[in-house]
Structure formats: C-alpha cells, structure tokens
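Chain by chain, the residues:
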Amino acid sequence: MDQHPIYGVTSIGRPLDKSCATNRAVSRLMPVGGVIAGVVALMRGDAGLQVAWAFVAGILLVFGAWALARELAPDDNPAAFVSMALAFVVLPLIGPLSFLVLFTTMFLVRIVNRTVGLPTRITDSFVVTGLVFAVVYLTKSPLFGTVAALAFAFDAVLRDPLRRQWVFAVLCLCGVGVSLTLLDVEIGAPSFVSAGVAVLLVVIVLAYLVTLLQTRVLESRGDVTGDGLAVSRVRAGMLIALLVALQALSLGEPGLAHTAIVWATIAGVSATAVVIRLRKKSTL
C-alpha cells in the first residue's frame, strides 16, 4: 500500500487520511470545537488571549480525544466521537499541561499497540522519553514515568519485540529516581473528590476493564503494513492509558485535572462498548 511521507521520519505519526469518512468528519469538527470553546470563553467574560487559547484548546480537545480513542478501540469508530463529546464536559478543568499529558499518553499507547504497523524508530523513542521527562517534571508526577517505563517494556516483550526499548524503560525509571530526589513530590491519595465523583471513577474503571478483557478479536490493520493488529499489544496499550489516569489520582485534584481528557476518553470507549454489547444481546 502507498506510504505517507511522514513515515520516512516517524513510526508513531498517523496523518489524517481524508479518503476515510471518519477522518473527514473529525477534520471538520476540529474548527467547530474551537469555535464552541471560544464562544464559551467569551460568554465567561475572558480576555482576548484567553479566548484565543480557548479556541486552540477546543481544536486540540476534539482531535486529541478522538485520536486517543482510536488507539484504545481501533475497531470502534463511534467510541472516538463519543469520547470527543465527553471531553467537552471536562473543558473547564483542562490547561496546557492536560494536552501534554494527553498526547504523551497517546504516543506511549501507539508505541505499544503499533497501529501504524511499524516498529518504533529510535528517534521516536528519544522524543517520547523527552516528553515523559517533561510530564514528570511539570506535573510533579513520578508515577507517570513508571507507567512510561512499563509501556517501553511492553514494546520490548510483546509480539515482534523491539529489545532496545529496554534502554528507554530504564531511562524512564532513572527519570523517576531523579524527580523523587530533586522535586518536592508528595505521593499519596488525598480525599479531594466527592463520593459521587469517586463512584463515577470506579464505574468508569470497571467498565473499561471489562472492555479491555473482552477485546479478543480485532479487524483493524496497521496503517502502513496492512498486517492485523496484535490483540496483546492493543490490550497492553489500553492498560497503559488506564494506568496514566489512575496514577494521577495520587496527586490530588491537580492530577485529575491533568488527566481529565484521558478519563473522558476512557469513559467514552467504555460507554460505547457497553452499548454495543447490549445491542448485540437484544438482537439474539
């Protein structure tokens, strides 16, 4: 199959192929999301720069939630759009660091599940490791580095293993050690949410775990190679996203805000999977 020029540079980039209806849809929804976020900011009485940021955030929110959901549920196109809609619910919580966490998580998942179909280039591993260090430092979340190390370890042991990823797993763990030494980090589980929110998070996690465990057969294929995706890799990628969301809870309310889009995406993937299962049962 034809190969996009971007794959001469990276193995974890996925350009929007306009020949695909869902890709065309999201490319049209991105500016719509920006306008909606900008209008909300205006109605709040925000200043010019804040409105401009809201517009950019709306675009990134639409694309980011959609793109992460496509990684977590490659066979489930509706899940990406449900996740996109749910992401707008958490729009008031998000800031620049939320997008750094979101896209770093997406790249980590992509390294593991190989939806592109290609093994990760060494330059990709270096770039993602740098992003991981940035997340750990800026959000003061050493546990994020531990999850990243696990992602690289998965790539080193699952189907068609890439053994050099052990080096980057160790680098991430080294970053964790440095952050614990240099940063004023308090890892705990402070009580910062209401009982209702806590119950909601538990429900999301349980539904997502069921979705993960029931992911046994995949029809999707790698973008470049056309090879069928490995179920083990896709499930491992799903686990990485969940661990990113869970580790942030140790940071309290700021951690939940940093991972709000990841939580919304996980909820969208889970909710869509539940609806699909219920429809299948009703047709039997």
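Residues numbered from 1 in each chain as written. Predicted model: local features only at pLDDT ≥ 70, side-chain atom pairs only at ≥ 80, totals over all residues. Heavy atoms only, no water.

## Some words on empty space enclosed by the protein
Reasoning step 1: Across all of its chains, the model carries one cavity of 30 Å³ or more by this definition.
Reasoning step 2: The computed volume of the largest cavity comes to approximately 30 Å³.
Reasoning step 3: The wall of the largest cavity is formed by Val101, Val135, Thr139, Ser141, Phe144, Gln247, Ala248, Leu251, Gly255, His258 and Thr259.
Reasoning step 4: Breaking the lining of the largest cavity down by element, the ones donating at least two residues are helix H5 (122–139) and helix H10 (253–258).
Reasoning step 5: The residue makeup of the lining of the largest cavity, split by class, is five nonpolar, six polar and no charged. (1 Å grid on protein atoms, 1.4 Å probe; cavity = no way out; pocket = protein on both sides within 12 Å on 5 of 7 lines; lining within 4 Å. Points joined across faces, edges and corners; volume = space filled by probe spheres on them. Helix = DSSP H or I, 4+ residues; strand = E, 2+ residues; numbered from the N terminus. Nonpolar A, V, L, I, M, F, W, Y, C, P; charged D, E, K, R; others polar.)

## Quick look at helix H9 (residues 231–247)
Reasoning step 1: Compared with the 24 Å implied by 1.5 Å per residue over 17 residues, the 24 Å span of H9 between its first and last C-alpha is a close match.
Reasoning step 2: Taken together, the buried positions of H9 are occupied by Arg233, Val234, Ala236, Gly237, Met238, Ile240, Ala241, Leu242, Val244, Ala245 and Gln247. (Expected span 1.5 Å × (residues − 1). Buried < 20%, exposed > 50% of the residue type's maximum accessible area, 1.4 Å probe, protein only.)

## Digging into the layout of surface pockets
Reasoning step 1: Computed from the structure, the largest pocket encloses a volume of approximately 600 Å³.
Reasoning step 2: Together, 26 residues line the largest pocket, and Arg14, Pro15, Asp17, Asn23 and Asp223 are the ones closest to its centre.
Reasoning step 3: Listing elements by their share of the lining of the largest pocket, those giving two or more residues are helix H1 (21–44) and helix H2 (48–72).
Reasoning step 4: Tallying contributions element by element places H2 first for the lining of the largest pocket, with five residues.
Reasoning step 5: Of the residues belonging to the lining of the largest pocket, the class tally is nine nonpolar, seven polar and 10 charged.

## Let's talk about the nonpolar core
Reasoning step 1: One finds Leu72, Leu108 and Ile240 to be the most contacted residues of the largest nonpolar core, which totals 72 residues.
Reasoning step 2: Top contributing element to this core by residue count: H2, with 11 residues.
Reasoning step 3: With residues up to four places along the chain from it excluded, the contact list for Leu108 reads Val128, Val132, Phe144, Ala148, Ala151, Phe152 and Ile240. (Core = buried A, V, L, I, M, F, W, Y, C linked by side-chain atoms within 4.5 Å. Contact = heavy atoms within 4.5 Å.)

## Some points on the side chain of His258
Reasoning step 1: Mapped onto the elements, His258 comes out in helix H10.
Reasoning step 2: If near-sequence neighbours (up to four positions away) are discounted, His258 is found in contact with Leu97, Ser98, Val101 and Thr139.

## A word on a nonpolar patch on the surface
Reasoning step 1: Together, Val35, Val39, Met43, Trp53, Phe55 and Val56 line one region of the surface with nonpolar side chains, adding up to about 550 Å² of accessible area.
Reasoning step 2: Contributing elements (two or more residues each) for the nonpolar patch: H1 and H2.
Reasoning step 3: Take Met43: it is sitting in helix H1.
Reasoning step 4: A relative accessible area of 69% places Met43 in the exposed class. (Patch = residues over 30% accessible without salt bridge, like charges linked within 9 Å, V, L, I, M, F, W, Y side chains within 5 Å. Areas by Shrake-Rupley, 256 points an atom, 1.4 Å probe, with all protein chains shown as cover. Salt bridge = Lys/Arg side-chain N within 4 Å of Asp/Glu carboxyl O.)

## What to know about the packing of aromatic side chains
Reasoning step 1: In the structure shown here, the tally under the stated rule is five aromatic pairs.
Reasoning step 2: Their ring planes at 20 degrees and their centres at 6.4 Å tell us that Phe63 and Phe103 sit as a pair that is stacked. You can see Phe63 sitting in helix H2 and its partner Phe103 sitting in helix H4 (residues 96–113), a full 40 residues away along the chain.
Reasoning step 3: A relative accessible area of 21% means that Phe63 is categorised as partly exposed.
Reasoning step 4: Looking at Phe103, the relative accessible area reads 17%, which means it is buried.
Reasoning step 5: Ring-pair connections join several aromatic residues into one group, and the members of that group are Phe63, Trp66 and Phe103. (Phe/Tyr/Trp six-rings, centres within 6.5 Å; stacked < 30°, edge-to-face > 60°.)

## Looking at the packing of helix H6 (residues 142–157) against H9
Reasoning step 1: Contact pair H6 / H9: the axes reach a minimum separation of 9 Å and the direction vectors enclose 175 degrees. Taken as axis vectors, H6 and H9 run roughly antiparallel relative to one another. Residues Leu143, Phe144, Val147, Leu150, Ala151, Phe154 and Asp155 of H6 pack against Arg233, Ala236, Leu239, Ile240, Leu243, Val244 and Gln247 of H9. (Axes fitted to C-alpha atoms, helices over the stretch in contact; angles between N-to-C directions. Parallel < 35°, antiparallel > 145°, perpendicular 65-115°, else oblique.)

## A look at the environment of Thr146
Reasoning step 1: Relative to the helices and strands, Thr146 is located in helix H6.
Reasoning step 2: Judged by its relative accessible area of 35%, Thr146 falls in the partly exposed class.
Reasoning step 3: In the structure, Thr146 is positioned 31 residues away from Gly177 in sequence and 9.9 Å away in space, judged by C-alpha atoms.

## Side note on the state of the cysteines
Reasoning step 1: Following the criterion strictly, the structure yields zero disulfides and no others.
Reasoning step 2: Looking at the unpaired Cys172, the closest cysteine sulfur is the one in Cys174, lying at 9.2 Å.
Reasoning step 3: Of the residues examined, Cys172 reaches a relative accessible area of 1% and is grouped as buried. (Disulfide = S-S within 2.5 Å.)

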